[in-house]
Amino acid sequence: MRPVHTALAVLVAAVWGFNFVVIEIGLDHFPPLLLSALRFLVAALPAVFFVGRPKVAWKWIAGVGIALGIAKFGLLFTGMDAGMPAGLSSLVLQIQAVFTAVLAAVVLRERPGRVRVTGMAVALAGIAVAAVDGGTSGPVLGFTLVVAAAACWGVSNVLTRKASPPDALNFMVWVCTVPVVPLFGLSLLLEGPARDLAALRVLDWSGVGVIAYVAWVSTVFGFGAWGYLLRRYPASSVAPFSLLVPVFGMSSAALVLGEQVSGPRWLAAVLLVGGVALTSLAPVRPRARTAAVSAGSRPAAADASPAR
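Residues numbered from 1 in each chain as written. Predicted model: local features only at pLDDT ≥ 70, side-chain atom pairs only at ≥ 80, totals over all residues. Heavy atoms only, no water.

Caption draft 1: Quick look at the overall build of the protein. Of the regular secondary structure elements, the protein holds 16 helices and 0 strands. Each of the 308 residues in the protein was classed as buried or not, and the buried ones make up 52%. (Helix = DSSP H or I, 4+ residues; strand = E, 2+ residues; numbered from the N terminus. Buried < 20%, exposed > 50% of the residue type's maximum accessible area, 1.4 Å probe, protein only.)

Next up, the structure:
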C-alpha cells in the first residue's frame, strides 16, 4: 500500500476505536436506544439523497439493517449503558470474527482450515479471560449483551457476503435507513417517552458533537474510506488494520475516560487480537472458496469490512 493509504487505514481504525469513547460520552446524554436511533437517522439523512439508488436487492438491505442496526448496535449501546467499559467493549466485540467464521461454515459451507480453527480457539480463550476479568470489575449483564452484539454482527457479516454490494458506502447508507423507525419505537416502548423527551430538551453542543461523530465520522467517513481502500487493494492487505481498533479503543478509553487496563485484560487483548488475526486472515480452503463464490459471496472481503 502507498504510505498515504496506509495512513488512511490507520486513521479509520483510530476513528472506529475512539468511537467507543464517544458512545460512552453519548450515553451520558441519551438513553441507549434513542442514541442508536439518532445515529442512524443522521447517518442516513441527507446522505441517502446523494449515494444513488441501492445497488443490491432490498432483502439484503433489510436483513443487514435489522441484524446490524437494530440488534447489534441496540445490544452494544444497551450493554455499555449497563456498565460495560468502552475499552473492554471495543475488545470483546472483535469476537464477531469467530461468530462470522462459524456462521459462514454453516450457511455458506465454508470449511475452516486448521489455522482458522486454532484462531477461533485462541480468540475464545481471550473472551474467557476477559469474562473473568469483567466479572470481577464490571456487570455480567453488560458483558453478555456485548457478546450478543458480536453474534449479531456475525449474522450481518454473512448477510453482507451474500449481498456482495459493489459499493460499500452506498450499501451502508441505505442500511442506515432501516433501523431508524424500529429503534425510535423500541426507545419509546422500553425507555419511555418521558426519558427521551428529557434527553432531547437538554440537548447541548456536546450531545450534538456525539451524534455528528458516530453518524458522519465513524459511519459515513469510516465506511467510505474503508470501501475506497478495499476497491484499490486486496482485502488481505486492508483487513489487518481492523485489528488496531481495540488497540485504539482501549488506549483512548484509558486516556480520555481514565479506564484502568488490568493485567488479565492485556492478556485477553493479546489472545483475542491474535486469535481474530488467525481467524480473519487465514486463507480459505479451495473447496470453501468455490462454494462461497457460487453462493454469490466474496470471501476475501468478508472479514475486511467491520461495521463500527
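There is more to say, and it comes next.
Caption draft 2: Focus on the nonpolar core. Counting residues in hydrophobic clusters, the biggest one holds 83 residues, and the most contacted among them are L76, V92 and L93. Broken down by element, the residue count for this core peaks at 10 residues, all from helix α1 (residues 3-26). Ignoring anything within four residues of it in the chain, the contact list for L76 reads F20, S89, L93, V146 and A149. (Core = buried A, V, L, I, M, F, W, Y, C linked by side-chain atoms within 4.5 Å. Contact = heavy atoms within 4.5 Å.)

Caption draft 3: Local environment of the packing of aromatic side chains. This model, assessed by the stated rule, comprises 6 aromatic pairs. Measuring from centroid to centroid gives 5.4 Å for W58 and W174, while their planes differ by 85°, and the two rings are edge-to-face. Within this pair, whereas W58 is found in helix α3 (residues 58-81), its partner W174 is found in helix α8 (residues 168-177), the two being separated by 116 residues in sequence. Among the aromatic residues, those joined into a cluster by ring pairs are W16, F223 and W226. One residue, K72, lies across the ring of F73, its end atom 3.8 Å from the ring centre. (Phe/Tyr/Trp six-rings, centres within 6.5 Å; stacked < 30°, edge-to-face > 60°. Lys NZ or Arg CZ within 6 Å of the ring centre and 35° of its normal.)

Caption draft 4: Inspection of the packing of helix α5 (residues 96-107) against helix α7 (residues 140-163) at higher detail. At a minimum axis distance of 8 Å, the contact between α5 and α7 shows a crossing angle of 45°. Judged on the interaxial angle alone, α7 and α5 are oblique. Along this stretch, α5 crosses α7, giving a crossing that reads as right-handed. The segment α5 lies against α7, with Q96, F99, T100, L103, A104 and V107 engaging V147, A150, A151, W153, G154, V155, N157, V158 and R161. Residue composition of the contact of α5 with α7, grouped by class: 10 nonpolar, 4 polar and 1 charged. (Axes fitted to C-alpha atoms, helices over the stretch in contact; angles between N-to-C directions. Parallel < 35°, antiparallel > 145°, perpendicular 65-115°, else oblique. Left-handed = near helix turned anticlockwise from the far one by under 90°. Nonpolar A, V, L, I, M, F, W, Y, C, P; charged D, E, K, R; others polar.)

Caption draft 5: Representation of the environment of V102 in the model. Of note, V102 is situated in helix α5. Through-space distance from the C-alpha of V102 to that of V158 is 10.0 Å; in sequence the pair is 56 residues apart.

Caption draft 6: Geometry of the packing of α1 against α3. The geometry of α1 relative to α3 is characterised by a closest axis approach of 10 Å and an angle of 65° between their N-to-C directions. For the element pair α1 and α3, the recorded crossing hand is right-handed. Taking contact as the criterion, the partners of F20, I23 and E24 in α1 are, on α3, L76, F77 and M80. Counted by class, the contact of α1 with α3 contains 5 nonpolar, no polar and 1 charged residues.

Caption draft 7: Expanded view of the side chain of T100. Looking at the element boundaries, T100 is found in helix α5. Looking at T100, its side chain comes within polar contact range of the side chain of N157, at 2.9 Å. (Polar contact = N/O pair within 3.5 Å; in protein donor to acceptor, adjacent residues only side chain to side chain.)

Caption draft 8: Molecular detail of the side chain of H5. Structurally, the position occupied by H5 is in helix α1. When neighbours within four sequence positions are excluded, H5 is seen to be in contact with Y228, L229, R232 and Y233.

Caption draft 9: Region of interest: α1. Taking 1.5 Å as the rise per residue, α1 with 24 residues should run 34 Å; its terminal C-alpha atoms sit 34 Å apart, in good agreement. At N19, α1 shows its largest kink, close to 25°. (Expected span 1.5 Å × (residues − 1). Bend = angle between axes of the 7 residues up to and from the residue.)

Caption draft 10: Quick look at unusual backbone geometry. Residues L45 and P46 are joined by a peptide bond in cis, for which omega reads 5°. Relative to the elements of secondary structure, P46 occurs in the loop between α2 (32-44) and α3.

Such coordinate-based values are descriptive only and should not be taken to indicate function.
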